[in-house]
Amino acid sequence: LLLILIPVQLLAQTRSKIATPSEFLGFEVGADRTLADYKQIRNYFKSLDAASNRIELEVLGKTTLGEDMFQAVISSEANLREKMKYQEIARKLADPRGLSQTEIDGLVRDGKAIVLVSCDIHASEIAATQMAMEWAHALVTADDPETTRWLDEVILLLVPSLNPDGQMMETAWYRKNLGTRYEGGRMPWLYHHYVGHDNNRDWYMLTQQESKLTI
């Protein structure tokens, strides 16, 4: 029994030492008048990737202004080791033509739920980018049975921002005017080059780089 418990205890201790977003950034995430910009958020997710086997980062490509747009793949260690298998199962279920009902039932039984959660399609809706760090930390450090069950059954694809360029513009504008009469005022230019927030309406034409990367 001790041979089983000791590694589990050590694993729990390791998870408890993973820095929270507030510890990593040096300020309280979500506190009044504080915002983490996209580069800080990306660096925090990189630290989680280095510290935990429950998360892997995937760079989707370059944004309009040349930033790395990424997603975090979060699940159990076992699922992440076999993520290509589950990706293939999902592909077959998405187009099951040529498969028998028995084969389809087997894929459903063997597969995992793959859930995409995206944040910040409108860069001014910035709170979701801050929340993404907190949620990711909670998922990679939790040891309660319910969270463990979720991680066993679900592969989460978490995109902290669908508009990284705009997120950085909004953060820079807010910081510039902090403590002045213009604090909280709207940024007087588009937060997405060329199209404003119409990346929200681009899912059928796919004209914008960020939309293409998401698809």
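Everything below is about the structure printed above this text.
Definitions and limits used
- Residues numbered from 1 in each chain as written.
- Predicted model: local features only at pLDDT ≥ 70, side-chain atom pairs only at ≥ 80, totals over all residues.
- Heavy atoms only, no water.
- Helix = DSSP H or I, 4+ residues; strand = E, 2+ residues; numbered from the N terminus.
- Buried < 20%, exposed > 50% of the residue type's maximum accessible area, 1.4 Å probe, protein only.
- Areas by Shrake-Rupley, 256 points an atom, 1.4 Å probe, with all protein chains shown as cover.
- Lys, Arg positive; Asp, Glu negative; His and termini not counted.
- Charge placed at Lys NZ, Arg CZ, Asp CG, Glu CD.
- Contact = heavy atoms within 4.5 Å.

A. How the structure looks around the overall build of the protein. Per the secondary structure count, the protein includes ten helices and four strands. Ordered by position from the N terminus, the helices and strands of the protein form the series α-α-α-β-β-α-α-α-β-α-α-β-α-α. Each principal axis of the C-alpha distribution contributes one length, and for the protein these read about 60 × 50 × 25 Å. Burial statistics for the protein: of 215 residues in total, 39% are counted as buried. On the protein, roughly 12,400 Å² of surface is accessible, and the fraction owed to carbon and sulfur atoms is 56%. Distance between charge centroids for the protein: 3 Å, based on 23 positive and 30 negative side chains.

B. Quick peek at the environment of R175. Along the chain, the position of R175 falls in helix α9 (residues 164-177). Here R175 falls in the partly exposed class, since its relative accessible area comes to 36%. A sequence separation of 140 residues divides R175 from L35, and the C-alpha atoms of the two residues are 8.2 Å apart. If near-sequence neighbours (up to four positions away) are discounted, R175 is found in contact with L35, A36, D37 and Q40.

So yeah, pure geometry; function would need other evidence.
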